[in-house]
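# Descriptive analysis of the structure
If you want the building blocks of each chain, they are given just below.
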Amino acid sequence: NPITNGKEVIGVTVLSANITERVKAELKTRQLNKELEAFSYMAAHDLKGPLRAIGGYSYLLTLDHKDELSPDAKKLVDVINGSVKQMGSLIDGMLNLSRLGHAAITPKKVDMSMLVREVVEEQLNGQQRDRIDIKLASLDTIVCDPGLMRHVLNNLVSNAIKYSSKRPV
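Residues numbered from 1 in each chain as written. Predicted model: local features only at pLDDT ≥ 70, side-chain atom pairs only at ≥ 80, totals over all residues. Heavy atoms only, no water.

### Some thoughts on the nonpolar core
Under the convention used in this document: The nonpolar core is taken to be a set of buried Ala, Val, Leu, Ile, Met, Phe, Trp, Tyr and Cys residues, with the residues joined through side-chain atoms within 4.5 Å. The buried label goes to any residue with under 20% of its type's maximum accessible area, the exposed label to any with over 50%, and the partly exposed label to all in between, with areas taken from a 1.4 Å probe on protein chains only. Going along the chain from the N terminus, every DSSP run of H or I of four or more residues is numbered as a helix, and every run of E of two or more is numbered as a strand. Residues count as neighbours in contact if any of their non-hydrogen atoms are within 4.5 Å of one another.
By size, the foremost hydrophobic cluster in this structure holds twelve residues: Val110, Met112, Leu115, Val116, Val119, Val120, Leu124, Cys144, Met149, Leu153, Val157 and Ile161. Among the elements of the structure, helix H3 (112-123) and helix H4 (146-163) are those that each provide at least two residues to this core. Counting residues per element, this core draws most heavily on H3, which supplies five residues. Once residues within four sequence positions are removed from consideration, Val119 is found in contact with Arg150, Leu153, Asn154 and Val157. Listed in part, the five residues of the second largest apolar core include Ala44, Val84, Ile91 and Leu95.

And the structure:
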């Protein structure tokens, strides 16, 4: 950039910076992200097989022994099926998260009160409902990626249930 005294150039300014370390760090970060993405994808796929087997055996148990199962046993099978469905959603979320680097975040208006209610319902299974008292305040509508927000809320509610489980209510 030229420096002038109003009439003539009396000097210049030169700005120089060595960005070698920053470029190296960015390349390393990209490589680590690719590795994390590949691991998440592989882990999610590896978890789907056993989960399908659990769901399949639960279905066969219900189908083959429907009349022999007590009401408590039927309730437990329902809990297993709900947990299989929830785990499937978590695995799908993991797969989606592994693809996050390739997909754009899609912000939409989200009714947070409704989303939180849905997540709470998904998290509460039959055996826990009677001992968990959740009070939900009214929440605003916000602009966010609904899938990512559901993932965050699932983690928060799941942790709240897990870490308060030692209390009677």
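### A look at H4
Spelled out, the test is: Under the convention used throughout, the expected extent of a helix is 1.5 Å for every residue step, that is, one less than its residue count. This arc describes the spread of directions from the helix axis toward the C-beta atoms.
If you check H4, its first and last C-alpha atoms are 25 Å apart, about what 18 residues at 1.5 Å a residue would give, namely 26 Å. The complete set of buried residues in H4 reads Met149, Leu153, Asn154, Val157 and Ile161. Projected onto a plane normal to the axis of H4, the buried residues spread over an arc of 140° and lie on a single side. In H4, the exposed positions angled more than 90 degrees off the buried face are occupied by Leu156 and Tyr163. Where the residues of H4 are buried, they touch H3 and strand S4 (141-144).

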